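Listed below, chain by chain, are the residues.
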Amino acid sequence: MVARFIENDAVAALAAAWARDYRLLAPVREGQAVIYRPWAPDMHPFLGRPPTASAKQALLPQTENLLSYTYRKDHADLTKTEVFLADPLPPEPTVVLGCRPCDARGNKLLDRVFLERGVADPLYAARRAATLFVTVACEHMENTCFCHWTGGGPTSEEGSDVLLFAVTGGYAARAITPAGEKLLANLPDTSQQIADELAARLANPVEPGPAPDLRAAPERFLALFDNMDFWMDQSARCLSCGVCTYLCPTCSCFNITDENQGLKGKRLRTWDTCMSALYTLEGSGYNPRVSRAHRLRNRVGHKFCYHPQEFPAASNERNAQPEVSCTGCGRCIKSCPVSVDIRRIVLDLLEKGEKK
Amino acid sequence: MAENDRIQRLIAAVKAELPKLDFVLGYGRGFDALHATPITVRTEADADKLIFDATCVENLATSLYAMRGKRIGIVVKGCDSRSVVELMQEKLLDRANLVVFGMPCQGVIDLAKVRVRADIAQARGAEFTETEVRLLLPEGERVLSRQDVLADKCLRCRYPNPLIADHLIGPEVEPKGVEDTYADLEGFEKLNPQERFDFWKRQMSRCIRCYACRNACPLCVCKHVCLADSREPHWLSAEATLQEKWLFQVMHALHLAGRCTECGECQRSCPMGIPILLLKRKMNRELKEVFNYEAGVDPEAVPPLHTFQMEEEKIKDRGLLW
Amino acid sequence: MSHSPYMPQIATIIETIDETPDIKTFRVVLQDPAAMAAFRFLPGQVAQLSVFGTGESTFVINSPPTRMDFLQFTVMRVGELTHRLHTLREGDPVGLRGPLGNHFDVDAMKGRDIVFIGGGVGMAPLRTLLLYMLDNRADFGTITLIYGGRTPEHLCYKSELAEWAARGDMRVELTVDNPDKNWSHRVGVVPAVLTDLNVSPQNAVAVTCGPPIMIRFTIQALAKLGFTDEQIVTTLERRMKCGVGLCGRCNIGGKFVCVDGPVFTQAQLKGLPQEF
């Protein structure tokens, strides 16, 4: 396939062109973080590092309106009230620039939850259909990266519309989907020299370290389910904050709350985190996941046991390795204030959950 | 090597106490040479995994409140020991159930400062000497000045030696700072109110409300029973607006006035790199000026805002107003 | 936008009934008559009730599908939403999303003897199934109801309890922990009554709902009487938000109480990670 060429200096102009037709989310450096911001003319997109948060915010914003309501009092009889409901506004067509292959692959896992598992979520479906992902292929793997455990890789195309490769002087851009092709329509083809450079790079991919066999992970997780000492030791350092789940490209749990203002208001969907005690706290005061050990167990279990058990057929595409609800982006490790390492937990599971 | 000898003495002390304890909270090696991670030591084999060096940034006292009722040991640096002292001052800790392993500390590294000097995402190794941080990177060795990458709190540290310890694993360290001049606040305080607000609006806009700042705070013992999550009263909306994010930080700072020991875990834990310690430093400076008080230094001292009485003897006499 | 699973229908409260000091029953009808006529569900299914501005919570529809003049919900006052619900009166609008979740396997129960064992507000899902069975009486064998509460005052559906006892085609055993001077029924905990009655497991199904501690001892008592795990049916409660298996929180292992439940047999529960 022919790749198009984007000069380093032309990235901002291209982004500006896209921003005329789309809501454009592009990463910028802010302090220590790399943050997706809506396009602004003075913006300098930064593609050199994976953004701090995953791109899921484009499909599942931190907060969004599920509905709005208005009460109307009957002026003749104030004991009578009527209530009127309205749907939220439809999403804008969006381009996400600068996510990584692990982020784009996360979209497929979000689809499992919001489109394929049971009831389809029309808000998510509308955003998904309206959003394009221009992904930057990775040149190396960081210490926290483990995409190869989960069937991905530094140049994985899954979930992307365009894949950018850093080459001398700019980026070689490959369209993965017809919509991606359209985004690149006005760009020149790469020179032969760049094409050769890209070919050479693809011929010599990054060699990740060995990946564990995850086929036994669900069974060994369940074998260790009731071993609270194991989970206590894994979680004693955990702060029970939301960093891991909020930055994760596949964590999709949400809360629903009403925000009232006088006689009207809205019902919001907000990111929630299974690491919080409030997530399962019942009105009666009973909490089935009362400690950090219970909660960390649920997060690991969901990703490496419950998800693969729910989608067993998906593993056929991955050399019989289970599809886990994790793309190995490593954000939960990199940004964890106390360096909880989900890889370590999974390896411990595989080792200690083995039947003696 | 002296440092290695010190770790061996720590391990020996921990092993000696283990039979009397449920476990000891200490530092183990994290996912690479630049990261430590808290570990629970239950067995002698666990104890052999203990480390102590400039990567041991976490304040383990953060876990103490959640572990009340257990007999545990804890490894503390000088700064961390102030959290232990403050928890004792606030009667949030049963000292009798706690064994403190005190580690005099030459300062810990601020990875944020390392990152602006070197790409450590693929670091293969690291070594710390008294003056240098030697990074082993894919492209080769990179040497940084230790002073350049020490955490800010270490540059002004007056308590490198734990203020409270059952086992002090010396030698003790000469303090670097004499009096905290709050020099870092000066630049900020020169700004006018609008400029300050613009600064915070910019910073807070990237907050994701993960509450790592709150949960990493050793003194934020409310955790999930917090105004940020309360529905009754409904202080904060679930909507991720600047106003909600900012209100939480202001409340957090106010609730820590006279309690915060400036361990800096709130700021270090922020995945978005928001400089929230600045707010607590500002509060502490006020407390110092008004009450000449410093939190977490004297186990017997009563924090100024703990002297509040529901029934004051009489209201302030303001004289005749008409 | 296609129909959102989060969008409630508007219903009107037509009647409220005080059951106990902290439990109220609400009878509602959907404001759209066509929607009310088209509303179909099976015993055991739940719905989300909304008070807009406060939120939404899950309650079992405790009127049977055989009596569709209204949909009935019984609400114990425990949290933010239930406090608010208790302040509503006849004529007030509420949101309703449903039916949600699975249901009792009524076909499998046909021709069998049914033992209902309920405690407190846990009578609500049993009521739906009981009334459904009474309205299809010939399809089922003997019906026994064992229902208990802390005090006589804490029993729900008091007038109906008397009606059911008077019917002659079912047995009603009531028990309380703390009787008052007018109490003429049993005293003691529900599982003890079960043991005392020596209920036969032969061709029987036991359906139980109540506080977790009661369910635990009831299941032990049923097992002692010879009930197999397949013969014991219960309902689970969890904090729920979306009600359609998306928001995540009500999972037990890979199952979601809001879609795979709330009705489970003891055999199904034993196959799940023990986290409830």
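Parameters at a glance
In this convention, every chain numbers its residues from 1, walking through the sequence in written order. Both sets of labels track the order of writing: A upward for chains, 1 upward for ligands. Per-residue local features of the predicted model are confined to residues with pLDDT of at least 70, and side-chain atom pairs are confined, for both listing and counting, to 80 or more; whole-chain, interface and lining totals are unaffected and use all residues. Calculated side-chain values reflect all of the structure's heavy atoms, with hydrogen atoms and water omitted. Comment: elements are numbered from the N terminus, with helices defined as DSSP H or I runs of at least four residues and strands as E runs of at least two. Only protein chains enter the calculation, and the probe is 1.4 Å; a residue is then buried if its accessible area is under 20% of its type maximum, exposed if over 50%, and partly exposed in between. Strand pairing is assigned whenever DSSP detects at least two bridges linking the two strands. Lines fitted to C-alpha atoms define the axes here, with helix axes fitted over just the stretch in contact, and angles between the N-to-C directions of these axes take values from 0 to 180 degrees. Whether two residues touch is decided by their heavy atoms; if any such pair falls within 4.5 Å, the residues are in contact. Put simply, a salt bridge is a Lys or Arg side-chain nitrogen that is within 4 Å of an Asp or Glu carboxyl oxygen. Buried area: the accessible surface (1.4 Å probe) lost by two parts on joining, summed over both. In the analysis that follows, any N or O atom pair within 3.5 Å is treated as a polar contact, provided that within protein one partner can donate a hydrogen and the other can accept it, and provided that, for residues neighboring in sequence, both atoms belong to side chains. Amino acid classes used here: Ala, Val, Leu, Ile, Met, Phe, Trp, Tyr, Cys and Pro are nonpolar; Asp, Glu, Lys and Arg are charged; the rest, including Gly, are polar. For the purposes of this description, domain bounds are those given by an automatic or database domain assignment. Patch rule: a residue counts if its relative accessible area is over 30% and it has no salt bridge; like charges are joined within 9 Å, and nonpolar side chains (Val, Leu, Ile, Met, Phe, Trp, Tyr) within 5 Å. Only the protein chains shown count as cover for residues, and the accessible areas themselves come from Shrake-Rupley with a 1.4 Å probe. Nonpolar cores were defined as sets of buried Ala, Val, Leu, Ile, Met, Phe, Trp, Tyr and Cys residues, with membership established by side-chain atoms within 4.5 Å.

Draft legend 1. Inspection of the side chain of S54(A) at higher detail. Examined against the element boundaries, S54(A) turns out to sit in the loop between β3 (33-38) and β4 (63-73). Judged by its relative accessible area of 2%, S54(A) is buried.

Draft legend 2. Seen up close, the sheet that holds strand β10 (residues 254-261) of chain A. All names here are of chain A. Read from one edge of the open sheet, four strands run β5-β4-β11-β10, paired in antiparallel fashion. Edge strands, defined here as strands with exactly one partner in the open sheet, are β5 (81-86) and β10. Strand-to-strand twist across the sheet, computed as the mean angle between neighbouring axes with direction ignored, equals 25°. Contacts between helix α3 (residues 122-129) and the sheet are confined to β4 and β11 (264-271), with β4 contributing the most and set at about 130° to the helix.

Draft legend 3. Geometry of the environment of L136(B). All names here are of chain B. Structurally, L136 is set in strand β6 (residues 132-137). Relative accessible area serves as the criterion here: at 44%, L136 is assigned to the partly exposed category. With 30 residues separating them along the chain, L136 and D166 place their C-alpha atoms 37 Å apart. Setting aside its immediate chain neighbours within four residues, L136 contacts A123, R124 and G125.

Draft legend 4. View of the pattern of salt bridges. Residues and elements named next belong to chain B. Taken as a whole and assessed by the stated rule, the structure comprises 65 salt bridges over all chains. A salt bridge links D198 to K201; the shortest N-O distance between them is 3.8 Å. In this pair, D198 and K201 are both assigned in helix α8 (residues 193-204), three residues apart and thus about one turn of the helix distant. By relative accessible area, which is 31% here, K201 ends up partly exposed.

Draft legend 5. Quick look at the interface of chain A and chain B. Between chain A and chain B, the contact holds 47 residues from the first and 46 residues from the second. For the pair chain A and chain B, the summed buried area comes to about 3600 Å², and 54% of that belongs to carbon and sulfur atoms. Summed over the three residues of chain A that lose the most area to chain B, namely Q32(A), N143(A) and L239(A), the buried surface amounts to 17% of that side. Counting across the interface, chain A meets chain B through four salt bridges. The salt bridge involving K266(A) is made with E239(B); its shortest N-O contact spans 3.1 Å. At the boundary of chain A and chain B, one finds 22 residue pairs in polar contact (both at pLDDT 80 or more). For the side of chain A that touches chain B, the secondary structure elements donating two or more residues are β3, α7 (228-235), α8 (243-247), β10, β11 and α9 (292-310) of chain A. Tallied by class, residues from the side of chain A that touches chain B come to 19 nonpolar, 15 polar and 13 charged.

Draft legend 6. Expanded view of unusual backbone geometry. Residues and elements named next belong to chain B. Cis geometry marks the peptide bond from G170 to P171; its omega dihedral reads 10°. In this fold, P171 is placed in the loop between β8 (167-168) and α7 (183-190). A cis amide bond, omega 0°, links E232 with the succeeding residue P233. Relative to the helices and strands, P233 resides in the loop between α9 (212-215) and α10 (242-255).

Draft legend 7. Examining the pairing of strand β4 (residues 98-102) of chain B more closely. Residue and element names in this part refer to chain B. Counting buried residues in β4 gives five out of five residues, a clear majority hidden from the surface. What you see with β4 is no split at all: L98, V100 and G102 on one side and V99 and F101 on the other are buried throughout. Bridging between strand β3 (residues 72-76) and β4 involves five bridges; their strand directions are parallel. The partner of V76 across the bridge, within β4, is G102.

Draft legend 8. How the structure looks around the domain arrangement of chain B. Residue and element names in this part refer to chain B. When cut into domains, chain B gives domain 1 (1-122 + 150-178) and domain 2 (180-304). For domain 1 versus domain 2, the separation of C-alpha centres amounts to 24 Å. Between domain 1 and domain 2, the contact holds 21 residues from the first and 28 residues from the second. Here domain 1 meets domain 2 over a buried area of about 2000 Å², counting both sides, of which 51% is carbon and sulfur. Considering only the side of domain 1, the residues that lose the most area to domain 2 are R82, Q89 and R156, jointly responsible for 30% of the buried surface there. Seen at the junction of domain 1 and domain 2, the total is four salt bridges. Linking domain 1 with domain 2 are twelve residue pairs in polar contact (both at pLDDT 80 or more), by the criterion used here. For the side of domain 1 that touches domain 2, the element with the most residues is helix α3 (residues 78-89), which contributes seven residues.

Draft legend 9. Summary view of a nonpolar patch on the surface. Judged by side-chain polarity, V290(B), F291(B) and L305(B) come together as a nonpolar surface patch covering roughly 310 Å² of accessible area. Examined against the element boundaries, L305(B) turns out to sit in the segment after α12 (277-291).

Draft legend 10. How the structure looks around the nonpolar core. With 94 residues, the main nonpolar core has M109(C), F116(C), L145(C), W164(C) and V207(C) as its most contacted residues. Here this core gets nine residues from one element, more than from any other, and that element is helix α4 (residues 123-135) of chain C. Not counting residues within four places of it along the chain, the set of residues in contact with F116(C) comprises L126(C), L129(C), L130(C), M133(C), I143(C), T144(C), L145(C), I146(C) and V207(C). With 54 residues, the next largest nonpolar core counts I11(B), M67(B), V76(B) and L92(B) among its residues.

Draft legend 11. Structural view of the environment of N65(A). Residue and element names in this part refer to chain A. Along the polypeptide, N65 turns up in strand β4. Sequence spacing of N65 and R269 is 204 residues, and the spatial spacing of their C-alpha atoms is 6.3 Å. Those residues in contact with N65 that lie beyond four places of it in its chain are P88, L123, K266, R267 and L268. Here the side chain of N65 touches L67 through a polar contact of 3.4 Å, landing on its backbone nitrogen.

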